[in-house]
Amino acid sequence: MSLPAAEPASVSLEAPALSAAAATTAASVSAGSGAASGWQTPAPTPPATPASHAPPPAPAAPLRQVRIIPDVLPEIFKFLVDATETLHSCALVRHTWRNVVLAVLYARPHFASVWSLRRFTAALARRACLGRWVRQLDLSTIRTTIPPAEFARLFPLVSGVRSVDLSYCRELRDCHVQTLLAQCAQTLTAITLAGNKHLTNTSLELIAAHAGVRLRALCIDECHGITDACMQVVASKCTQLVTLKLASTGSLITDASLLALAWPRRARACDSLRTIQLYSCPGVTDASLTLLAQVCPHLAAVELYRLPWVTDMSLAEMARHSGSSLRSLCLGEMPNITDTSICEIGRSCDMHSLTLCHCEHITDRGIVELVRHSPSIGFLDIGLVGDITLVSLVATAQCCPRLQDLVVVERNSTLT
């Protein structure tokens, strides 16, 4: 009897799955054999994730718009005054920036020649609104002679000028000053007139009448057409002067000018005076300076050069009345100043800056007494003074810990 044929066994082509224990044992054996043979089997690389299953990239943070307060823009652009190209680029950003940049660019124009002045005048003529942004007008940088027609074209176009320097504009006339004041009398606070031989008392009277109490600084230098007569008008109108400079006026400016400022009826003119500079005024004597010192108790800076009739009396009076407010003193070519007034200045004032030049009668005694009472002094110039020796230098080094600048000129081997 024949048996039925057995069905052939199905052969599976898949490898049998290993248990967890067997996988662990195989891994240990493989590691052991790898260690025995000197190399290790690298760990299997996990399969790459398909691009379709990759996580989406993180969204970019939205850009935050920073709004700058318009009032801050002028303060920022002031740091770019010398970077003209950068300011031009900023002017193209938006309309608000453009107005601020134009105000910065035109606030303090610089003129290197008459040609640059003409270009500037032409720009103001094309756009009249640019003239109201001019704040400081300095024509002293032009070394060549400026034709009178340039003044006539420029001055009517500027309306907001606060400070004007017309030094050595040799063809400047009284009519040009009148045109300038007609435009900026309401804003003018400082004016410098130097080397203008054609100006007369009329110009100064116009300045006093139009600027009046707004004027803070007045400088008259080498203007030989200006005399004592106009200073009475200045004293009565310009009662808020802070800085006054009278220089190289010859015998035209005398004691009468300072007495006009210090006269009791016009004492208000000296209430605010802080700086006075008198250069080459041989008509000024102790009489006016003494009275001026008594009515100007807040003087902070005094510069006296080439005043042959000024002595220790007025300087000592100034030191006693100004007291600690007097911080800066410059004396040059003063033949009648001695150690007496220098010692009084040291005892009465807290000096921060002192310049003594060509004062032949000042010795170690005055310098030592002054530095002993002036520990805050930072600048000391005793060049070309009288009999100065190492005694003054040693006392300065011991008594002036804040000294930063010291100017000494060796004469006849005195400081050896």
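The rules we used
Residues numbered from 1 in each chain as written. Predicted model: local features only at pLDDT ≥ 70, side-chain atom pairs only at ≥ 80, totals over all residues. Heavy atoms only, no water. Core = buried A, V, L, I, M, F, W, Y, C linked by side-chain atoms within 4.5 Å. Buried < 20%, exposed > 50% of the residue type's maximum accessible area, 1.4 Å probe, protein only. Helix = DSSP H or I, 4+ residues; strand = E, 2+ residues; numbered from the N terminus. Contact = heavy atoms within 4.5 Å. Axes fitted to C-alpha atoms, helices over the stretch in contact; angles between N-to-C directions. Parallel < 35°, antiparallel > 145°, perpendicular 65-115°, else oblique. Pairing = 2+ DSSP bridges. Salt bridge = Lys/Arg side-chain N within 4 Å of Asp/Glu carboxyl O. Expected span 1.5 Å × (residues − 1). Right-handed = clockwise from strand over helix to strand, strands pointing away. Phe/Tyr/Trp six-rings, centres within 6.5 Å; stacked < 30°, edge-to-face > 60°.

- Labelled according to an unreviewed UniProt entry, the protein chain appears under the name F-box/LRR-repeat protein 15-like leucin rich repeat domain-containing protein, originating from Polyrhizophydium stewartii.

### Brief notes about the nonpolar core
Alright, step 1. Ranked by size, the top nonpolar core spans 95 residues in total, and within it Leu139 and Leu331 carry the most contacts.
Alright, step 2. When residues in this core are grouped by element, the largest group, five residues, is from helix H5 (residues 114-126).
Alright, step 3. Ignoring sequence-local partners within four residues, the contact set of Leu331 consists of Leu304, Leu315, Ile337, Ile342, Thr355, Leu356, Cys357 and Cys359.
Alright, step 4. One finds Leu73, Leu87, Cys90 and Val100 within the second-largest nonpolar core, a separate group that totals eight residues.

### Some thoughts on unusual backbone geometry
Alright, step 1. Notably, Ser248 is not glycine yet its phi reads approximately 50 degrees, a positive angle.
Alright, step 2. Within the secondary structure, Ser248 is located in the loop between strand S5 (243-247) and helix H10 (255-262).

### Observations concerning the packing of helix H14 (residues 364-372) against helix H15 (residues 390-399)
Alright, step 1. At a minimum axis separation of 9 Å, H14 and H15 run at an interaxial angle of 0 degrees. One finds that H14 runs roughly parallel with respect to H15. Across the interface between the two elements, Asp364, Ile367, Val368, Val371 and Arg372 from H14 touch Val391, Ser392, Ala395, Thr396 and Cys399 from H15.

### Here's the deal with the sheet that holds strand S10 (residues 379-381)
Alright, step 1. Strand order across the open sheet formed by eleven strands is S1-S2-S3-S4-S5-S6-S7-S8-S9-S10-S11, with parallel pairing between neighbours. Each end of this open sheet is capped by a strand with a single partner; those strands are strand S1 (136-138) and strand S11 (405-407). Averaged over all neighbouring strand pairs, the angle between strand axes comes to 5 degrees, with direction disregarded.

### Details of the pattern of salt bridges
Alright, step 1. One pass over the full model with this rule turns up nine salt bridges.
Alright, step 2. Residue Glu150 is joined to Arg153 by a salt bridge in which the shortest nitrogen-to-oxygen separation is 2.4 Å. Linking Glu150 with Arg153, this pair stays in helix H6 (residues 148-154), spanning three residues, or about one helical turn.
Alright, step 3. Of the charged contacts, one joins Arg306 and Glu333 as a salt bridge, the two residues approaching to 3.2 Å between their closest N and O atoms. A residue pair is termed long-range when its members are at least 10 positions apart, and Arg306 in the loop between strand S7 (301-305) and helix H12 (312-322) and Glu333 in the loop between strand S8 (328-332) and helix H13 (339-348) qualify at 27 residues.
Alright, step 4. According to the relative accessible area criterion, Glu333 is partly exposed, its value standing at 36%.
Alright, step 5. Through salt bridges with shared partners, one network takes in Glu344, Arg347, Glu369 and Arg372.

### A few points about H5
Alright, step 1. The end-to-end C-alpha separation of H5 is 19 Å, in line with the 18 Å expected for 13 residues at 1.5 Å each.
Alright, step 2. Looking at H5, one finds that the buried residues are Val114, Ser116, Leu117, Phe120, Thr121, Ala123 and Leu124.

### Observations concerning the pairing of S7
In summary, the side chains of a regular strand alternate between the two faces of the sheet.
Alright, step 1. Buried residues dominate S7, accounting for four of its five residues.
Alright, step 2. Where strand S6 (residues 275-279) lies against S7, five bridges are found, and the strand directions are parallel. The residue bridging Tyr279 from the neighbouring strand is Tyr305, located in S7.
Alright, step 3. A crossover connection joins S6 to the parallel S7 through helix H11 (residues 286-295); in handedness this β-α-β unit is right-handed.
Alright, step 4. Following the backbone out of S7, through H12 and into the adjacent parallel S8, one traces a crossover that is right-handed.

### A short note on the packing of aromatic side chains
Alright, step 1. According to the stated counting rule, one finds five aromatic pairs in the structure shown.
Alright, step 2. Measuring from centroid to centroid gives 5.8 Å for Tyr106 and Phe120, while their planes differ by 35 degrees, and the two rings are tilted. On the criterion of sequence distance, the pair formed by Tyr106 in helix H4 (residues 95-107) and Phe120 in helix H5 is long-range, its members being 14 residues apart.
Alright, step 3. The exposure class assigned to Tyr106 is buried, which follows from its relative accessible area of 17%.
Alright, step 4. Residue classification places Phe120 among the buried positions, given a relative accessible area of 10%.
Alright, step 5. Counting every residue linked through ring pairs, the aromatic cluster contains Tyr106, Phe111 and Phe120.

### Points about the side chain of Asn196
Alright, step 1. Position of Asn196 relative to the elements: it lies in the loop between strand S3 (190-194) and helix H8 (201-210).
Alright, step 2. Judged by relative accessible area, which is 0%, Asn196 ranks as buried.
Alright, step 3. Apart from residues no more than four positions distant in its own chain, Asn196 is found in contact with Leu166, Tyr168, Cys169, Arg170, Leu172, Glu222 and Cys223.

### Things to note about the environment of Thr84
Alright, step 1. Relative to the assigned elements, Thr84 resides in helix H3 (residues 84-91).
Alright, step 2. Exposure remark for Thr84: the relative accessible area of 36% places this residue in the partly exposed category.
Alright, step 3. When the C-alpha atoms of Thr84 and Val101 are compared, they prove to be 9.8 Å apart, with 17 residues separating the residues in sequence.

### Re H8
Alright, step 1. Of the positions making up H8, those classed as buried are Asn201, Ser203, Leu204, Leu206, Ile207 and Ala208.
Alright, step 2. Buried residues along H8 sit in contact with helix H7 (174-184), S3, strand S4 (217-221) and helix H9 (229-237).
Alright, step 3. In the stretch just after H8, Gly212 is the one whose phi turns positive, near 60 degrees.

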